[in-house]
Amino acid sequence: MNTCLLILLVLALLLIFCLIYKLKHINEQISFIKDVLADMKAGNLNRRILVQENDRTKQICYDINQIAINSQSQLIHQKQSEQAYKRLMTSLSHDVKTPLASLVGYLEAVESQLVTGKEKDEYIHVAHEKAQYLKHFVEHLFEWVKLDSGEQVFHFEVSDLNEITRNIMADWILVLENSHFEYEIDIPEEEYPVRMDSNAYTRVINNLLQNVMVHSGGSKIILRIAKEQQRVKVIIADNGKGIASDKLPHIFERLYQCDHSRSAKGNGLGLAITRELVNAHKGTITVNSALDRGTEFVISFPKAL
Amino acid sequence: MNDTVIKTKRLTKKYGTQTVVNKVGLHVQKGRIYGLLGRNGAGKTTIMKMILGLTPITSGSAEVFGREIGGNAKRIYSRIGAIIETPGFYPNLTGTENLEIFARLRGTAFPNAVKNALEVVGLPYKDKKTFAHYSLGMKQRLGIANAILHDPELLILDEPTNGLDPIGIAEVREFIKALSVEHGKTILISSHILSEISVLADDIGIIDQGVLLEESSMRELEKRNGKYILLQVSDIPKTILILERSFHVKDYSVQDEQTVRIYDTTLNMGEVNKALVMEEITVIRSGICNDTLEDYFKKITGGEGIA
Amino acid sequence: MLRLVRIEFCKLRRKNSVWVMLVSAFVMPFFAFLYFGYLGQTNIDPRLFYKWSAFGYTSFIILPFILGLFGTMLMHDENRYDMLKQLWIVPVSKMGYFFSKFFVVLAYSICFMFINAFATVLFGVIPNYVVVEWSSILFLLERCFEIAVLTAIAILPILAVSASQKGYIFPICITLLYVFAGFLITPVNTWLHPISCIMVIIARNGAVPGMTLPQSSVPLELLSICVWGIASVLFANLRLSKRK
């Protein structure tokens, strides 16, 4: 009888200790949540409440976190569109101003009769070229802005990457031959299904090939498609002058130009657009280059299942 | 609200008589990527370890979220994700199991945190492969997944692209950038590769032999970067016409109503000025800027360069 | 704390050596079976059989050694792969870490001794060496439990040493040294070494026949184990906070 009582007493004490411990734990949790909420209220939406798998407060905390995550992403989205707008403004002010100022210079010279005859014709010709360049630039700029702000709509469907690439290359072969480029195209016979928007993909390949023709200064283009475990790789390489290693990481940045040439050649948007397009496919684009030996662009897409 | 997330004051670490970190004062701002650039052995890892309280500080102080790590460790650590050196995991467990252990230790911020983190770094969820069979790149990715598992505000990443292949490096960089831009995280990243820091960081600190040589924002540095001639004139279109026709300058850009940058620094400015004056254009200012980031780093580190 | 211990068990997945080591619980019961089979005796005093199979070399050498190995294994992964710093920034408290390891060792030790008890009964009853008798089996289980808990505590110094080391060779050498020191020192002095203390506690009141031990009192032995245990916890604490 006595031992029974003793055991009961011990059990009761244990139970009380357990409950006190539990209570303390919950109190701690609540004071922690209070702290985090105060921090969030002060504007720190990155703060999270961490909970254990079996905590009573789990669902509450997850919900609070979700609210914070949602409002944070909204806030950031807003900020981003603001920044995109700002970037657009700076682009307009810098990169439109340059050709525009020069265009005005030529036209003013013609207008004020500073030049005559053949020279005048040449001035008008140059002015026309500049106007054309400006037109292209503005077109590209809007395309990029559309991509950057996520307004571009893609129509993704699973199709055979090899087939589409073959079709694109068929159009390019004539162009390459006309501009005396050697080419080496290696597209496997089997089907590589990839989820993609064929128009966007065509733009990607066109942009890269265009880029090689205009900027590489080489005489040969290699296009190769290879399969890895989960991904398909498209490699476009040339034997041109290459890109210096300090410039390499920047080439996909908007308006970055290796040679700063704001003349008729490029506008610094091609590769930026290309990268945005590849990203939209959940792909990656990387570049390897060695000076005087050539450049290699590698696009990699996840394989469709 | 205090916007400096990490602040160190005269942070010093000595091993015996050797001073590894010498009076470093870092300031990592909220929502920005701070790149710590320095050669291997410059003291980057030691600084990060001291900030995290993983190694005793010889003198000075390191504050994270306005508090020193120590007393209130639990609450501060839960707001930080970190990889220091090459991260280790249990070799007999799969990546998912490893992360589940850390998720249970720390607690999670939302359901399916492990799956989510693995997806972000591009590793398969519930894979059968144990950590012992992981490649270096996969290990590094798992380390990053562990660092972001609890959705922390501050990430401290020590050479996160170490051991990755070029595609992996590009992916990780992209995703670090996205963490900062799209999620507003504060990131302290160290690297010995100049291009990596210059492509990622908003702010930069240059460490050489334990001394913080320079701390400034990338934008500030970029202003000093570049080889060009700055020309401030009264009439831009006319100036450009002269530059194009008489001097065959093709490489230039118009900055504002009065300023033009010429990227061909071999141009004879005396001749240009003369020609401009002849056409009754007032030259307000003309100057040459002759510096690249790399030159700049060479100058700072005493001629040896970093990249 | 419970959480830490449960996580420790998760870390043991796919470690086959852990299971293999449990097999060594069968070693002494098997030898006892052979030995008494060789003598051709039946109806042996169950305590004599138990002394052979459970209380003798099992608790003297095999269990401490296995626990030493197990403890080193537990600590080794985290030490070798430099995981500690990842754990500290979770954060896991240093003592929480050390005690969670200890509880795993304790649980393992209890498992080991119960398997040993089971094997003892099996090898005793099946060839009809001993008669099934609930009181003697209960006695066996109770003593096995005591051995398990006490040995786990006695192994704390090994755990502390392996927590303070990166390698595993040194802790294993220490384990060997520790176990054999215990074995050798017992006839001379019983309260100096935790393992010999355990023997005294197990054989108290002459419960195990034929165990010749120098006279000593149980409280003194318990005190000795406690002192060793506390000393090693302090040592581990010191070393863990130093090596970060």
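Here, the structure is the one placed above.
Computed from a predicted model, the values in this text were never measured in an experiment.

A.B. asks: Go over the environment of Leu209 of chain A, please, and point to the residues and values.
C.D. replies: Residue and element names in this part refer to chain A. Inspection of the secondary structure puts Leu209 in helix 5 (residues 198-216). Along the backbone, Leu209 and Ile236 are 27 residues apart, and their C-alpha atoms lie at a distance of 7.8 Å. Discounting chain neighbours no more than four positions away, the residues touching Leu209 are Met169, Trp172, Ile221 and Ile236.

A.B. asks: Provide a residue-level description of the packing of helix 5 (residues 57-80) of chain C against helix 10 (residues 169-185) of chain C, including the pertinent values.
C.D. replies: All names here are of chain C. In the contact formed by helix 5 and helix 10, the axes pass within 9 Å of each other and the chain directions differ by 165 degrees. Taken together, the axes of helix 5 and helix 10 lie roughly antiparallel to each other. Between helix 5 and helix 10 lies a crossing of right-handed hand. Across the interface between the two elements, Tyr57, Phe60, Ile61, Pro64, Phe65, Gly68, Leu69 and Thr72 of helix 5 pack against Pro171, Ile172, Thr175, Leu176, Val179, Phe180, Gly182 and Phe183 of helix 10. Taken together, the residues of the contact of helix 5 with helix 10 sort by class into 12 nonpolar, four polar and no charged.

A.B. asks: Give me the interface of chain B and chain A: which residues, what numbers.
C.D. replies: If you look at the interface, chain B gives 46 residues, while chain A gives 53 residues. Taken together, the two surfaces of chain B and chain A that pack against each other cover about 4100 Å², and 52% of this comes from carbon and sulfur. Taken together, the connections running from chain B to chain A amount to seven salt bridges. For Lys130 of chain A, the salt bridge is made with Glu244 of chain B, and the minimal N-O distance between the two is 2.6 Å. Breaking the side of chain B that touches chain A down by element, the ones donating at least two residues are helix 3 (95-106), helix 6 (166-183), helix 7 (194-200), helix 9 (236-247) and strand 13 (252-254) of chain B. Counting residues per element, the side of chain B that touches chain A draws most heavily on helix 6 of chain B, at eight residues.

A.B. asks: Now, about the packing of aromatic side chains: what can you tell me, with residues and values included?
C.D. replies: All names here are of chain A. Taken as a whole and assessed by the stated rule, the structure comprises 26 aromatic pairs over all chains. On the basis of an interplanar angle of 70 degrees and a centroid distance of 5.1 Å, the ring pair of Tyr106 and Tyr123 is categorised as edge-to-face. Of this pair, Tyr106 sits in helix 2 (residues 58-111) while Tyr123 sits in helix 3 (residues 117-148), and the two are 17 residues apart along the sequence. A relative accessible area of 2% places Tyr106 in the buried class. In this structure Tyr123 comes out as buried when scored by relative accessible area, which is 5%. Relative to Phe297, the ring of Phe252 has its centre 6.2 Å away and its plane inclined at 75 degrees; by these criteria the two rings are edge-to-face.

A.B. asks: Give me the sheet that holds strand 14 (residues 259-262) of chain B: which residues, what numbers.
C.D. replies: Residue and element names in this part refer to chain B. The four strands are arranged 13-14-12-15 in an open sheet whose pairing can be described as antiparallel. This sheet does not close on itself; its edge strands, each paired only once, are strand 13 and strand 15 (283-291). The sheet shows a mean angle of 15 degrees between the axes of neighbouring strands, direction not considered. Bridge analysis of strand 12 (residues 226-233) against strand 15 gives eight bridges, and the strand direction is antiparallel. By the bridge assignment for strand 15, Leu230 is matched with Gly287. Contacting strand 12 and strand 15, helix 10 (residues 269-278) runs over the sheet at an angle of about 20 degrees to strand 12.

Conventions adopted
Residues numbered from 1 in each chain as written. Chains lettered and ligands numbered in written order. Predicted model: local features only at pLDDT ≥ 70, side-chain atom pairs only at ≥ 80, totals over all residues. Heavy atoms only, no water. Helix = DSSP H or I, 4+ residues; strand = E, 2+ residues; numbered from the N terminus. Contact = heavy atoms within 4.5 Å. Axes fitted to C-alpha atoms, helices over the stretch in contact; angles between N-to-C directions. Parallel < 35°, antiparallel > 145°, perpendicular 65-115°, else oblique. Left-handed = near helix turned anticlockwise from the far one by under 90°. Nonpolar A, V, L, I, M, F, W, Y, C, P; charged D, E, K, R; others polar. Buried area = accessible area lost by both parts, 1.4 Å probe. Salt bridge = Lys/Arg side-chain N within 4 Å of Asp/Glu carboxyl O. Phe/Tyr/Trp six-rings, centres within 6.5 Å; stacked < 30°, edge-to-face > 60°. Buried < 20%, exposed > 50% of the residue type's maximum accessible area, 1.4 Å probe, protein only. Pairing = 2+ DSSP bridges.

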